[in-house]
Amino acid sequence: MAQLEYNELETILYQKPEALEEHPFHFCPGCGHGIALRLVAEIIDELEIRERAICVASIGCSVNSYEYFNFDGLESAHGRAPAVATAIKRCHPHLIPFTYQGDGDLAAIGTAEIVHACARGENITTIFINNAIYGMTGGQMAPTTLTGMYSTSTPAGRKPSLAGYPIRVCEMLSTLEGTAYISRVALHSPAAVRKAKQAIKLAFRTQLAGLGMSLVEVLSPCPTNWRVEPVKALEWLAENMLPYYPLGEYKVIDAVAALKKEDHHA
Amino acid sequence: MFEKTLMAGNIAIAEGAISAGCHAYFGYPITPQNEILEHMSKRMPEEGRVFVQTESEIAAINMVHGAAASGCRAMTTTSSPGFSLKQEGISYLAGANLPAVIVNVMRGGPGLGNIGGAQGDYFQATKGGGHGDYRVIVLAPATVQEMMDFTMLAFELADKYRNPTIVLPDGFLGQAIEPVTMRAPVTKLPEKPWAITGAVGRAKNIINSFAMEPINDQPRIELIRQKLERIRQDEVRFESINLDDAALVIVAYGSAFRSAMTAMQMAREEGLKVGIFRPITLFPFPIKPLSDLSRKVKRFLVAEMSFGQLIEDVRLSLGADAQVELVNQFGGVPMSADEILEAIEKIMK
Ligand SMILES: Cc1ncc(C[n+]2csc(CCOP(=O)(O)OP(=O)(O)O)c2C)c(N)n1
Ligand code: SF4
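It should be emphasised that the depicted structure is a prediction, and the values quoted were computed from it without experimental measurement.

### So, the site of ligand 2
Residue and element names in this part refer to chain A. Around ligand 2, the neighbouring residues are Phe27, Cys28, Cys31, His33, Cys61, Asn131, Cys222, Pro223, Thr224 and Asn225. It is helix H10 (residues 223-226) that provides the largest number of residues to the shell around ligand 2, a total of 3 residues. Within the shell around ligand 2, the residues separate by chemical class into 6 nonpolar, 4 polar and no charged.

Here it is, written out as structure tokens:
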């Protein structure tokens, strides 16, 4: 019955992107990963680059993100995705490799790789999921865990005297000459998700135009390890993460700004 | 067609890689192999290929991972401390069944050590080095010509088995200058339908070394096990010298083998019947040829530039009644033929 009604529809308003597999996400209820991966898939459809896209997955809850996408992908060791993507792009300039990395992966163990990919101005794209926690290993402190925030390895809250301060990745990387587009977005509301999609799309278009390194930081809920219900997690994100991690564009080189303008005219 | 040219070992490795169709080179400076990186920085762009000086050996091996996964022949070169940093990446390459060539021009250690040549990374190269159940093919050159030829062979074996392959010279060989016959470039590279090259007109390809459930991961690991069995059976390489009448056999590879050659000649001039058994593949180790030999010869002298690592494989290969002695140098100090001759005389006289 449901099938019949679907067929009778004249215009399809919403459907599974071609770039996604018929494969359920394994994430916890309310997790941001599923939203972010779907946004990437929609954009890959819209830009018609499914046959050129390469998912360079990292280690974290999104470890097998290549399973969800309907295009080529590979795993990289913890933190090393930018190095892997660098080689793929250098060897095959027509391919569109992007890394999909958590905050532990990118901003702790993989700091050297992301900094140097940015410094070299590699023509790749990074989707950086900042959920302020180590999701996969059970909620330990991440380099982005907020001051005072509970984690299983900061049981009394993160104390700067013991554990230092959370890293603002966009601010840090935007100082590097090789970066072309750097932006921070969030997934705490439908409006925010729409903005996130615009930013991720511009990041891919930056790569397509050969303009250099593009990175979008996505503030993303992890209800499980924040120990709150999914809806509360969105509120928690808005209240606690937005003040420390302001949304917005941190680096837009002129050529990327021109791309953006083109879009407005279209 | 190809004339002999004088060349340093490190350059021979670089040129061998280029002839083998290496499309991408990634490296981080470390003595005594900097000449490879420097030579590649000029030659790879000349050939329209990829060269990146990386931020670390870790980045280099992971770039090799990306290049190999996307179907290109790729190489990284380093020396001992850098080889340690590559181990995680080598495990990932092996786990994902990716072909790659890694060169370790060994130097003195442990720790920072020194820039002399040594053979202290034998265990690390032949027994795994990284985590998990895997092995890599290890080729041990002893001449500058072999630095070139074994680098080319390493690419061939890596592709044949979809497995990382290591070329393991030492610092003295890297600096040695000898005449070399250049080799014709490989023109026909193997097809790699498994590579991630964009899902055009085919189902998607995935390259990984992971499964959520151990039971789902076991078939992948079982394939690695079977592959290693085939390698053990088909790829053993060694060289025997003067074994017909030998009463004592020296077992040695690399620079130590060169000193052993001189020592053998000196011993023969004294009338001492000495032969040499030289493993060329350190993995797969020539277990059977050595064990066969020990039915005929009972006295063995292992000459190596480490506390004694090769000697463990030799002992495991030989019969229980064989007498195995060690003559060694370590810590970056070269091994002289005189030292080996002295050890021979002690055993035989
Ligand atoms: C070398 C290495 N060290 C540690 C781990 C264990 N580990 C797996 S995922 C992870 C952290 C993941 O956190 P994050 O990158 O923030 O991603 P999330 O799970 O939150 O999406 C760690 C430490 C590993 N796989 N490899
Ligand atoms: S642990 Fe957190 S990041 Fe991981 S799947 Fe669950 S909600 Fe998502």
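### Examining the interface of chain B and chain A
Facing the 36 residues of chain B at the interface are 36 residues of chain A. For the pair chain B and chain A, the two sides together bury roughly 2700 Å², of which 60% comes from carbon and sulfur. Linking chain B with chain A are 4 salt bridges. A salt bridge links Arg120(A) to Glu55(B); the shortest N-O distance between them is 2.9 Å. Our count for the chain B to chain A interface comes out at 16 residue pairs in polar contact (both at pLDDT 80 or more). Elements supplying a minimum of two residues to the side of chain B that touches chain A: strand S2 (24-27), strand S3 (50-53), helix H3 (57-69), helix H4 (80-95) and strand S11 (206-207) of chain B. For the side of chain B that touches chain A, the element with the most residues is H3(B), which contributes 8 residues. Partitioning the side of chain B that touches chain A into residue classes produces 20 nonpolar, 12 polar and 4 charged. Where strand S2 (residues 73-75) of chain A and S11(B) come together, 2 bridges link them in parallel fashion. Directly across from Gly73(A), in S11(B), lies its bridge partner Ile206(B).

### Re empty space enclosed by the protein
Residue and element names in this part refer to chain B. Applying the stated criterion to the full structure yields 1 cavity of 30 Å³ or more. In terms of lining residues, the largest cavity is bounded by Cys72, Arg73, Ala74, Pro99, Ala100, Phe155, Ala158, Asp159 and Lys192. Ranked by the residues each element gives to the lining of the largest cavity, the list is headed by helix H6 (residues 144-161), at 3 residues. The residue makeup of the lining of the largest cavity, split by class, is 6 nonpolar, no polar and 3 charged.

### Section: the pattern of salt bridges
Applying the stated criterion to the full structure yields 38 salt bridges over all chains. Ionic pairing is found between Lys260(A) and Glu249(A), a salt bridge with its closest N-O pair at 2.8 Å. Placement of the pair is Lys260(A) in helix H12 (residues 254-265) and Glu249(A) in strand S9 (residues 248-252), with a sequence separation of 11 residues. Exposure remark for Lys260(A): the relative accessible area of 29% places this residue in the partly exposed category. A salt bridge links Arg73(B) to Asp159(B); its shortest N-O distance comes to 2.7 Å. Of this pair, Arg73(B) sits in the loop between H3 and strand S4 (74-78) while Asp159(B) sits in helix H6; the two residues are 86 residues apart in sequence, bridging distant segments of the chain. Of the two residues examined, Arg73(B) and Asp159(B), each falls in the buried class. The network of salt bridges with shared partners includes Glu15(B), Lys42(B), Arg43(B), Glu46(B), Glu47(B) and Arg49(B).

### Comments concerning the domain arrangement of chain B
Often the size quoted for an interface is simply the accessible area lost on bringing the parts together. Residues and elements named next belong to chain B. For chain B, the assigned domains read domain 1 (4-234) and domain 2 (238-348). Between the C-alpha centres of domain 1 and domain 2 there is a distance of 28 Å. With 33 residues of domain 1 at the interface, the matching set in domain 2 holds 26 residues. Both sides together, the interface formed by domain 1 and domain 2 hides about 2300 Å², and carbon and sulfur atoms give 56% of it.

### Describing the state of the cysteines
Scanning the model with the defined rule gives 0 disulfides over all chains in all. Free of any disulfide, Cys72(B) has its nearest neighbouring cysteine sulfur in Cys91(A), separated by 4.0 Å.

### Re the environment of Gly135(A)
Residues and elements named next belong to chain A. With respect to the helices, strands and loops of the structure, glycine 135 is situated in the loop between strand S5 (133-134) and strand S6 (140-141). On the basis of relative accessibility, which here comes to 16%, the residue glycine 135 falls in the buried class. For the pair formed by glycine 135 and proline 221, sequence separation is 86 residues and the distance between their alpha carbons is 10 Å. If we skip the residues at most four places from it in the chain, glycine 135 touches Cys61 and Asn225.

### Points about the pairing of strand S14 (residues 274-279) of chain B
All names here are of chain B. Of all 6 residues in S14, 6 are buried, a share of seventy percent or more. Side-chain alternation along S14 places Val274, Ile276 and Arg278 on one buried face and Gly275, Phe277 and Pro279 on a second face that is also buried. Relative to S14, strand S12 (residues 238-241) runs antiparallel, the two sharing 4 bridges. Bridging across to S14, glutamate 239 finds its partner in arginine 278.

So, how was this worked out
Residues numbered from 1 in each chain as written. Chains lettered and ligands numbered in written order. Predicted model: local features only at pLDDT ≥ 70, side-chain atom pairs only at ≥ 80, totals over all residues. Heavy atoms only, no water. Near = heavy atom within 4 Å. Helix = DSSP H or I, 4+ residues; strand = E, 2+ residues; numbered from the N terminus. Nonpolar A, V, L, I, M, F, W, Y, C, P; charged D, E, K, R; others polar. Contact = heavy atoms within 4.5 Å. Buried area = accessible area lost by both parts, 1.4 Å probe. Salt bridge = Lys/Arg side-chain N within 4 Å of Asp/Glu carboxyl O. Polar contact = N/O pair within 3.5 Å; in protein donor to acceptor, adjacent residues only side chain to side chain. Pairing = 2+ DSSP bridges. 1 Å grid on protein atoms, 1.4 Å probe; cavity = no way out; pocket = protein on both sides within 12 Å on 5 of 7 lines; lining within 4 Å. Points joined across faces, edges and corners; volume = space filled by probe spheres on them. Buried < 20%, exposed > 50% of the residue type's maximum accessible area, 1.4 Å probe, protein only. Domains from an automatic or database assignment. Disulfide = S-S within 2.5 Å.

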